[in-house]
Amino acid sequence: QVRLVESGGGLVQAGGSLRLSCTASGSISSIGTMAWYRRAPEKTRELIATINNAGHANYADSVKGRFAISRDNDKNTVYLQADSVNVDDTGVYSCNAYISASGGWGFMNYWGQGTQVTVSS
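Counting from 1, residues in each chain are numbered in the order their sequence is written. Under the rules for a predicted model, residues below a pLDDT of 70 receive no local features and side-chain atom pairs below 80 are neither given nor counted, while totals for whole chains, interfaces and linings still include all residues. Side-chain numbers here rest on the full set of heavy atoms in the structure, without hydrogens or water.

A. Representation of the overall build of the protein chain. Check the secondary structure of the protein chain and you find 0 helices and 11 strands. Of the regular secondary structure in the protein chain, the N- to C-terminal order runs β-β-β-β-β-β-β-β-β-β-β. Note on method: radius of gyration uses C-alpha positions; expected globular size equals 2.2 Å times residues raised to 0.38. Against the compact-globule benchmark of 14 Å for 121 residues, the protein chain has a radius of gyration of 14 Å, which places it among compact chains. With respect to the principal axes defined by its C-alpha atoms, the protein chain has extents near 50 × 25 × 25 Å. A 1.4 Å probe rolled over the protein chains alone gives each residue an accessible area, and that area as a share of the maximum for its type sets the label: buried under 20%, exposed over 50%, partly exposed in between. Put simply, the protein chain has 121 residues, and 40% of those count as buried. Taking the 10 positively charged and 9 negatively charged side chains of the protein chain as two groups, their mean positions are separated by 4 Å. Strands are runs of DSSP state E lasting at least two residues, helices are runs of H or I lasting at least four, and both sets are numbered from the N terminus onward. Charged residues are defined here as Lys and Arg on the positive side and Asp and Glu on the negative side; His and the ends of the chain fall outside this count. A charged residue contributes its charge at one atom only: NZ of Lys, CZ of Arg, CG of Asp or CD of Glu.

The structure is reproduced here in structure tokens:
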């Protein structure tokens with residue numbers, strides 16, 4: 001069974017940095033686009049960054065220039081480097097990926113369980 005597991009969340013001071021990781025495991029044949037979403041308190045979930053399997057990335061305006069998404073295809077892992085964080089970056093960060101499982105029926109969409117990031121002022 002395919003799973004996505006995030007790590008790296010926690011408490012960080014405004015102006016600081018943190019790095020989130022998300023690793024896919026299971027019987028995986030191929031991984032397509034991977035992404036990070038964020039749900040801030042009392043707000044809807046926001047797509048903040050995507051990266052395809054060629055390494056092309058896109059960002060939401062709210063994080064552009066401060067966050068960087070990357071991936072290691074050998075490790076089935078996607079990263080989110082967050083720099084110059086502010087209190088508006090507080091939220092639950094979840095990774096998302098299109099994954100083709102071995103012996104499966106093509107690409108399906110998977111979610112991680114989410115990791116809390118809290119930025120203190």
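Back to the write-up after that little detour.
B. Representation of the packing of aromatic side chains within the structure. Note on ring pairs: Phe, Tyr and Trp rings are taken, using the six-membered ring of Trp, and paired if centres are within 6.5 Å. Classes follow the plane angle, with under 30 degrees stacked, over 60 edge-to-face and the rest tilted. Taken as a whole, this structure holds 1 aromatic pair when the rule is applied. Above the face of the tryptophan 111 ring, arginine 45 is positioned so that its terminal group lies 4.1 Å from the ring centre. Two conditions define a charge located above a ring, namely a distance within 6 Å from the ring centre to NZ of Lys or CZ of Arg, and an angle within 35 degrees of the ring normal.

C. Up close: the sheet that holds strand 1 (residues 3-7). In this analysis, strands are considered paired if DSSP registers two or more bridges between them. Strand order in this open sheet of 4 strands is 1-3-8-7, and the pairing throughout is antiparallel. Looking along the sheet, the strands with just one partner apiece sit at the ends: strand 1 and strand 7 (67-72). Sheet twist, expressed as the mean angle between neighbouring strand axes with direction ignored, is 15 degrees. Of the pairings in the sheet, the one linking strand 3 (residues 18-25) to strand 8 (residues 77-82) comprises 6 bridges and is antiparallel in character. The residue of strand 8 that forms the bridge with leucine 18 is alanine 82. For helices, the axis comes from a line fit to the C-alpha atoms of the stretch in contact; other axes are also lines fit to C-alpha atoms, and the angle between any two N-to-C directions lies between 0 and 180 degrees.

D. View of the pattern of salt bridges. Any Lys or Arg side-chain nitrogen located within 4 Å of an Asp or Glu carboxyl oxygen qualifies as a salt bridge. Taken as a whole and judged by the stated rule, the model has 4 salt bridges. The partner of glutamate 46 in a salt bridge is arginine 38, with the nearest N and O atoms 3.0 Å apart. The closest approach of N and O atoms between aspartate 89 and arginine 38, which form a salt bridge, is 2.9 Å. In this pair, aspartate 89 is assigned in the loop between strand 8 and strand 9 (91-101) and arginine 38 in strand 4 (residues 28-39), connecting sequence segments 51 residues apart. On the basis of relative accessible area, aspartate 89 is assigned to the buried category, the value being 2%.

E. Quick look at the nonpolar core. Side-chain atoms within 4.5 Å link the members of a nonpolar core, which is a set of buried Ala, Val, Leu, Ile, Met, Phe, Trp, Tyr and Cys residues. The biggest cluster of nonpolar side chains holds 28 residues, and the ones touching the most others in it are Leu4, Trp36, Phe67, Val78, Leu80, Tyr93 and Ile99. Elements supplying a minimum of two residues to this core: strand 3, strand 4, strand 5 (46-51), strand 7, strand 8, strand 9 and strand 11 (115-120).

F. Up close: unusual backbone geometry. Of note, asparagine 76 is a non-glycine position whose phi angle comes to about 55 degrees, a positive value. With respect to the element layout, asparagine 76 can be found in the loop between strand 7 and strand 8. The class of asparagine 76 is partly exposed, set by a relative accessible area of 25%. Of note in the backbone geometry, serine 84 takes a positive phi value of approximately 50 degrees without being a glycine.

G. Layout of the environment of leucine 4. Here leucine 4 is to be found in strand 1. The buried category is assigned to leucine 4, whose relative accessible area is 5%. In this structure the C-alpha to C-alpha distance between leucine 4 and alanine 24, which are 20 residues apart in sequence, comes to 4.5 Å. Only heavy atoms enter the contact rule, under which two residues are in contact if any of them lie within 4.5 Å. Apart from residues lying up to four places away in sequence, leucine 4 is in contact with Cys22, Thr23, Ala24, Cys95, Asn96, Ala97, Ile99, Tyr110, Trp111, Gly112 and Gln113.

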